[in-house]
Structures are given as C-alpha cells and as structure tokens.
Amino acid sequence: MLKVNNLEVMYDKVILVLKGMSMEVPKGKIVALLGSNGAGKTTTLKAISGLLKSENGQVTDGYVEFDGERISTLDAEQVVKKGVFQCMEGRRVFEHLSVEDNLYAGAHTRKDRSQLKHDLEKVYHYFPKLEMLKNRQAGYLSGGEQQMLAIGRGMMARPKVLLLDEPSLGIAPLLVKEIFSIIKRINEEEGTTILVVEQNANVALSIAHYGYIMENGRIVMDGPVEQLLANQDVKEFYLGTS
Ligand code: ATP
C-alpha cells in the first residue's frame, strides 16, 4: 500500500505547491488522481517517485510511505528498486534507441537478468504493436505508440506500483480507449497496483476503482468510482455530463 500523508512540497524554497496532500493507493487497485491544470498532480507523482530534487523541489512536511516504509527521503533510483515506477508525462522515450532497446532500458535496475526475455514477451503480449515496431527508432513512433512504449518500459522494471502521468495526453480518442483498456488488463492479470494522474476524468474513472480530486495543492473530494460518477459536482465540473 502506498500512502501520501499530509504532504507539503515547495519549489525553489518559495512556491508552496502541495499544501497538505493525503491519499492512499491500496495494493492491487487502480486509483485515479484528477484535477485541473496546475492543481499539483504531477508534483504529487514526483514526490512519490523521488524526482522532485532534480527540479529544485523539496518535501517540507508530511511523508510518503510504501509498504510501511518511508520513501520520501529516497532518491529516484532507490524508489524504483523498492518497486515504484513512474512513466513520464510527455512520454520521454530514448528517441535514438530502438523500441526494444528502450524496453530493455526499463529494466536497468533489475538484477534478475534471466527473466528479461520473458518479460519482454509479456510486454509484447499486451502491446502487439510494439513487437511489430521493435526495431524502429523510438523517435519515429506516433504519440500513442510512444505512450505504449513508456508503459511497456515501466513494466520491464517489474513494478509493484506503476505511476502514470496523463497517459491520454495528445492521443487520439480511439487510441486512448485502447491504452486504458490495456492498463486495466495489466492491473487485473499482473496484479500491478496503478496510480493514474489524468485531466481526462471520464477515461480515468472508466478503469479506476477509487478516485481523488485535487485542487490547489490538496484533495477536495474522494470516493469509490461509482460514488464519484453519481456526484453532481463531479458530473458538472469534471465529466461535463450534467
Ligand atoms: P498539469 O496537469 O498542468 O501538469 P498538475 O496538476 O500536474 O498540472 P503540477 O505540474 O504539479 O500540476 O504543478 C503545480 C504547480 O507547481 C503549478 O503552479 C506549477 O507552475 C508549479 N510547478 C511545477 N513544477 C515546477 C518547478 N519545477 N518549479 C517551480 N514551479 C513548478
């Protein structure tokens, strides 16, 4: 179980971006973190995955805990070794490497090298398109294909928790549906716990078990997905269906 407790984060020692952020991601579940632009969703993911320091960000209060252990003091590589892996927003694949080499790069912190081939097959099982494109230079992939590659690379790290930052960003609606249904299958078949940050509330809530809504650095509402989908404010402000 991943737990964020009363977290405060500052950038450049002056800008307070998270102002007492708390959430929980139970083992084996998909949790959606929703909210408008600038609410602090990406910052929350970076605080979990140890990527804040490289951006001059700092946890000034609260903590992140994973399986009972504080991880908010660890650096990014140590967090990956604990089993928490963040797929980057904007995809950020290694453009000059082939698709397959990008996938192998996802496994660089692992010691059990003998299983790599098996895990590669598994990624291709979920993303047959990546197998077709395995020798292609990653920079030439479409946005949707790069998103698949980013998730596949995450799987190669054999994470217990996969953190996804806006997987729908800049991708055609049909492909968004396909990618989200694959994310759901990875959760169901591999048991991978997933925390997905999204501005597209409709698609995120279509696969999640539980949702949190964030505004201005803290959680303003949370609940099981059925409850959120029935809420009038959520319908009006986040789903555009009221
Ligand atoms: P979006 O969906 O637009 O990515 P978000 O909810 O993920 O929004 P964050 O990216 O976490 O929000 O940003 C929260 C606030 O922190 C914003 O006001 C942003 O300008 C600020 N911020 C983000 N990164 C930095 C940084 N490296 N240095 C200074 N301020 C930052």
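For the structure given in this document, a descriptive report is provided here. All values reported here derive from a predicted model rather than from experimental measurement. Every residue gets a number counted from 1 within its own chain, in the order that chain's sequence is written. Under the rules for a predicted model, residues below a pLDDT of 70 receive no local features and side-chain atom pairs below 80 are neither given nor counted, while totals for whole chains, interfaces and linings still include all residues. To get the side-chain values, all heavy atoms of the structure are used, and hydrogens and water are removed first.

**Quick word on the nonpolar core**
So, step 1. Within the largest apolar cluster, 48 residues are counted, with the highest numbers of intra-cluster contacts made by Leu103, Phe127, Leu130, Leu149, Ile151, Leu164 and Ile183.
So, step 2. Runs of E in the DSSP output that reach at least two residues are strands. Runs of H or I that reach at least four are helices, and both are numbered from the N terminus. Residue contributions to this core peak at seven residues, all from helix α7 (residues 173-190).
So, step 3. Look past the residues within four positions of Leu149 in its chain and what remains in contact with it is Val93, Val99, Asn102, Leu103, Leu130, Ala138 and Leu141.
So, step 4. In this structure, Leu7, Tyr11, Phe66 and Val79 belong to the second largest nonpolar core, which totals 30 residues. Buried Ala, Val, Leu, Ile, Met, Phe, Trp, Tyr and Cys residues form a nonpolar core when they are joined through side-chain atoms within 4.5 Å. Three exposure classes are used, based on accessible area relative to the maximum for each residue type with a 1.4 Å probe and protein chains only: buried under 20%, partly exposed in between, and exposed over 50%. Only heavy atoms matter for contacts: two residues are in contact if any of them lie within 4.5 Å across the pair.

**Examining the sheet that holds strand β4 (residues 57-66)**
So, step 1. Strands are labelled as partners when DSSP assigns at least two bridges between them. Strand order across the open sheet formed by four strands is β2-β1-β4-β5, with antiparallel pairing between neighbours. What marks the edges here is a single partner per strand, and that holds for β2 (15-25) and β5 (69-70).
So, step 2. Where strand β1 (residues 2-11) lies against β2, eight bridges are found, and the strand directions are antiparallel. Considered in β2, the bridge of Met10 is made with Leu16.
So, step 3. Helix α1 (residues 41-49) rests against β1, β2 and β4 of the sheet, and its axis sits at about 110° to β1. Between the N-to-C directions of two axes lies an angle of 0 to 180 degrees, each axis being a line fitted to C-alpha atoms and, for a helix, fitted only over the stretch in contact.

**Points about the environment of Gly20**
So, step 1. Along the chain, the position of Gly20 falls in strand β2.
So, step 2. Spatially, the C-alpha atom of Gly20 lies 8.4 Å from that of Ile219, the residues being 199 residues apart in sequence.
So, step 3. In contact with Gly20, not counting residues within four places along its chain, are Asn6, Leu7, Glu8, Gly217 and Arg218.

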